[in-house]
Amino acid sequence: MTAYCLPMNFKSIPTVFERRGRAKKSGRPVWYYNHLAGMMDIVMITEDQEAVAQYSCLNSGVYVISVQEYLQNFWPELQAAHELYSSISQALQEKEGEGKEKEYAEHLPAEVLEAGIKSGRYIQGKLKVSKHRPQTEAFVMMEGFSNKSTETGWRVLVHGDKNRNRATDTDVVVAELLPKSEWRWRATALTEGQGEEKSGEDNGSKALPTGRIVGILQRNWRDYVVTFPPREGTQSQSRNSQRILAVPWDHRIPKIRISTQQADALQDHRVVVRIDSWESTSFYPNGHSVRVLGRAGELETEVQTILIENCINELLFSDAQLRELPANSLDNPWKVDPAQEAERRDLRESHLVFSIDPKGCEDVDDTLSVRSLAGGEVLELGVHIADVTHFVTEGSLTDLEARSRATTYYLADRRYDMLPAVLSADLCSLLGGVDRYAMSVLWELDAHTLNVKDVWYGRTIIRSSYQLHYELAQALLGGERAEVPELAQLGPDEKEAKLAQLTRALKMLTDVGRHLRAQRDRGGALELEGLEVRAQLDEERNITALVPRQPLEVHETVAECMIYANHWVARKIQEIFPHQALLRCHPHPQQELFGQLVEVARAKGFTIETGTNKALADSLDQAVDPQDPLVNRLLRMMTTQAMPQALYFSTGAQSRDQYYHYGLALDRYTHFTSPIRRYADIIVHRLLIAAIAMETGAGPGKALASNKELQEMARHINQRNLAAKQTQKLSIELFQCLYFKERDPQTDERCVADAVIYSILDDGVLAFVPEYGARAPVYMKNREGQVVSAGQDGSCEWQSGSVRRYPDRVTTTSSRGTSTFRLFDHITVRISVQSTHCHADRLNFEVISNKPYHSAGSQQPRSQGRSQLVQEVVRLAEEAYQQAQEKAARRPRFSTEEREFCQSKTPNLYSLLEEVRELALMDLEMVPQVCATTA
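What comes next is a walk through the structure.

1. Quick word on the overall build of the protein
For step 1, the next point in the chain: A count of helical and extended segments in the protein gives 24 helices and 35 strands.
For step 2, the next point in the chain: Taking all 935 residues of the protein together, the buried fraction comes to 46%.
For step 3, the next point in the chain: Residue pairs at least 24 apart in sequence account for 66% of intrachain contacts in the protein once pairs closer than 6 positions are excluded.
For step 4, the next point in the chain: Accessible surface computed for the protein: about 47900 Å², of which carbon and sulfur atoms make up 50%.

2. As for the packing of helix H16 (residues 595-603) against helix H18 (residues 630-642)
For step 1, the next point in the chain: Running from amino to carboxyl end, H16 crosses H18 at an angle of 165°, the nearest separation of the two axes being 9 Å. Taken together, the axes of H16 and H18 are roughly antiparallel relative to one another. The crossing of H16 and H18 is left-handed. When H16 is examined against H18, the residues Gln596, Leu597, Val600 and Ala601 are found in contact with a partner set consisting of Leu635, Met638 and Thr639.
For step 2, the next point in the chain: When grouped by side-chain class, the residues that make up the contact of H16 with H18 number 5 nonpolar, 2 polar and no charged.

3. Structural notes on unusual backbone geometry
For step 1, the next point in the chain: Residue Asp268 is not a glycine yet carries a positive backbone phi of 65°.
For step 2, the next point in the chain: When its relative accessible area of 28% is taken as the criterion, Asp268 is described as partly exposed.
For step 3, the next point in the chain: One non-glycine residue with positive phi stands out, namely Ala374, at about 55°.
For step 4, the next point in the chain: Inspection of the secondary structure assignment puts Ala374 in the loop between strand S16 (366-373) and strand S17 (378-386).

4. Quick notes on the pairing of strand S27 (residues 752-760)
For step 1, the next point in the chain: Of all 9 residues in S27, 9 are buried, a share of seventy percent or more.
For step 2, the next point in the chain: Note: S27 against strand S34 (residues 826-834), 5 bridges, orientation antiparallel. Its bridge partner lying in S34, Val752 is registered against Arg830.
For step 3, the next point in the chain: Two strands pair when backbone bridges link them, and S27 and strand S28 (residues 764-769) are joined in this way by 4 bridges, in the antiparallel orientation. Bridging from a neighbouring strand, Ile760 pairs with Val765 of S28.

5. Structural notes on the side chain of Ser440
For step 1, the next point in the chain: Along the chain, Ser440 falls in strand S20 (residues 435-446).
For step 2, the next point in the chain: Under the relative-accessibility criterion, Ser440 is labelled buried at 0%.
For step 3, the next point in the chain: Within polar-contact distance, the side chain of Ser440 engages the side chain of Thr460 at 2.7 Å.
For step 4, the next point in the chain: Setting aside residues up to four positions removed in sequence, Ser440 forms contacts with Leu347, Val383, His384, Trp456, Tyr457, Gly458 and Thr460.

About the cut-offs
- Residues numbered from 1 in each chain as written.
- Predicted model: local features only at pLDDT ≥ 70, side-chain atom pairs only at ≥ 80, totals over all residues.
- Heavy atoms only, no water.
- Helix = DSSP H or I, 4+ residues; strand = E, 2+ residues; numbered from the N terminus.
- Buried < 20%, exposed > 50% of the residue type's maximum accessible area, 1.4 Å probe, protein only.
- Contact = heavy atoms within 4.5 Å.
- Areas by Shrake-Rupley, 256 points an atom, 1.4 Å probe, with all protein chains shown as cover.
- Axes fitted to C-alpha atoms, helices over the stretch in contact; angles between N-to-C directions.
- Parallel < 35°, antiparallel > 145°, perpendicular 65-115°, else oblique.
- Left-handed = near helix turned anticlockwise from the far one by under 90°.
- Nonpolar A, V, L, I, M, F, W, Y, C, P; charged D, E, K, R; others polar.
- Pairing = 2+ DSSP bridges.
- Polar contact = N/O pair within 3.5 Å; in protein donor to acceptor, adjacent residues only side chain to side chain.

Pasting the structure below:
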């Protein structure tokens, strides 16, 4: 037998493998050989050639050799041992699997799957597991895949875990259709307890094509966040490795079996895990832990969970990336390059440039200008966008990082920028009073008809004169005496003159915006409504409040100018690069998705036409209840939910008729106006620069990327945008839950709010609370079989009875009589938090009155709850953190040795290793006795 003495990092015990330069002290291999009484050979590996020459011949059982000699002489022996270990391990695994009943069918070989797809027998697609019924329902989505079968449409239902056959959400799978006699109906209810399938006669629907998974072409396993459930046993059991079923935060992912020695310590903690395998003999996949996030329920833990679940990397920018960027400091201020002055069009003196953004905004990526030319016969409109591509060179480290992030991620209490702050908040931000590089589009419009006479694209130098916020701009338009910060230090006469000039420019811009909106309205543009809020930032650019966006005309004016610029840039790059331009399309929605909208509007007496975007827009404009403006808002929200997502694409991957943007009613559209926070805009800027150079003969005359490369990039950006949108939604929901979790719903007035019914369920309704922008189901029947019964004064209580659903209402019948809850009725709900051990918390609404809610002492509902929500949650989190810091400060102080070496006094690693050393020095015959005693 041979002992290989490998390197060790412990300084406290003697080693037989020393670092280079210390090998002369290593007479220890000889001592160790003598200590073992020559029972086994000793091999020492070193790079010190002097040590090799000195010690290799001292004893026949001691070998001091170099690494090269070791690889030549001993590597075959180790390789053989490794192969033996692998064969034994494989045999043990096979033996362990023998006799176990397979829970799932084996996946078919790859060649069989490929042949089946080509012949049309099998269907290829991406698996999408239902969020509402993750245990029973999933779909194979065939969009983007070429399948010969047209019988199935664009999706196939997979019912039950068995038919899913170890496939998880987003895996690329191969499915086999079941006979038509086994096709299933999808459940109509979207709430818990209503997941059972219903017959076609019950719901009037058609059976969906149903299949089972026979193979997986691509596993999309990623990092998952799980929670370790409480488990039985004593503390001493944690010393042994145990296999625990951890519950994923995402309902759609099955439990993951993990082997760990820290099961007790990890109870109630969120842990990042990775799936390794999934045997056909097990209901659950096997995985391993990667890192611990923290205790479930804490703010930072839950935020990190949301980021990881959406594959968002929140790492800081590296030093190498930051070194690529120019500096801008008091000692070394950034200045315009004279070479750039010669190449760019200088607008600093000729144009009144200003920005209009939310209050406190620092990443100002767009500015506007408007002026009269030719004696008032021509109006020049300018949109000036930050020239990010000047600082971010294609292929640089900063560019690669921005491409990976693809967008800036906005959460309720923070944001993660796509670009470093030196660009996003400084050099690329078009701040007031400083020189900046820009990409500009200038239109010459007929002053009377506003028709386009000419358009110019190019790089410019600008100096923004005013950095306005929306409310200030609207006040100036309304003729109010508002204070403009940039004019505060001027004299009265000069101040009045400049204020009149600014107001005149804003009014001209408003007239142009109205004209542009009217043009799109005639084409069928939709005015959709969402749960849109404005993020209020503090001095450190953190979001401190979510303020519901107030509808101001200046919002629409700025939006129309940006849409106009995006449209004209899309036209330009598509004309120059017809097969390699990055555009953005909004597909025509599927008519069946408008079913709920049409049904809900009909119940209120409105008719919604969905044949074209023009018909839809007109019918939404007419669906107005003079007594309740919230009705039209809810209808527009439902319209938005029925719409497909707008997507980026390469023009070479779509036919010309697919370029159309349904919502904006434009034949071509792209994103050009926000390169600080969207990578798609950076690509479009580069395409526009290349197009300009090609027209002037100064460029290479070819596109920057092939159609295939651009389409792959578009797919990546679409995925990241979806993740950003989902992250923002989950973040807001998290803060809503944390806000109400700290309050007693029975006593706190803020937990009672006005809600409006916007959908009917089998056993309740869906309600929307405008004050907090929250939506949740309101159940009319509980688990005990009791139903909600309303009295004469509107107060509700639980009584024995029954529930009946109608298209426009739900009724409950009890001993008190019949209570009716109709669509768009205002009701009073009590808001509480439904906590779960492993998953995200969610809001719970309980109806306490079938009448609208009014706060005590006032007939007007509260209006500040949503704006204070985030501030309150952040304050509570900061208080909890401060208490933890104070508690840590009260702990006993460490000694100098403990602070320096991070060692506790007793027992510690050093003392344990010393015991090992002492055992090594003892006589071999005494070792078994001592070990038996200590055991």
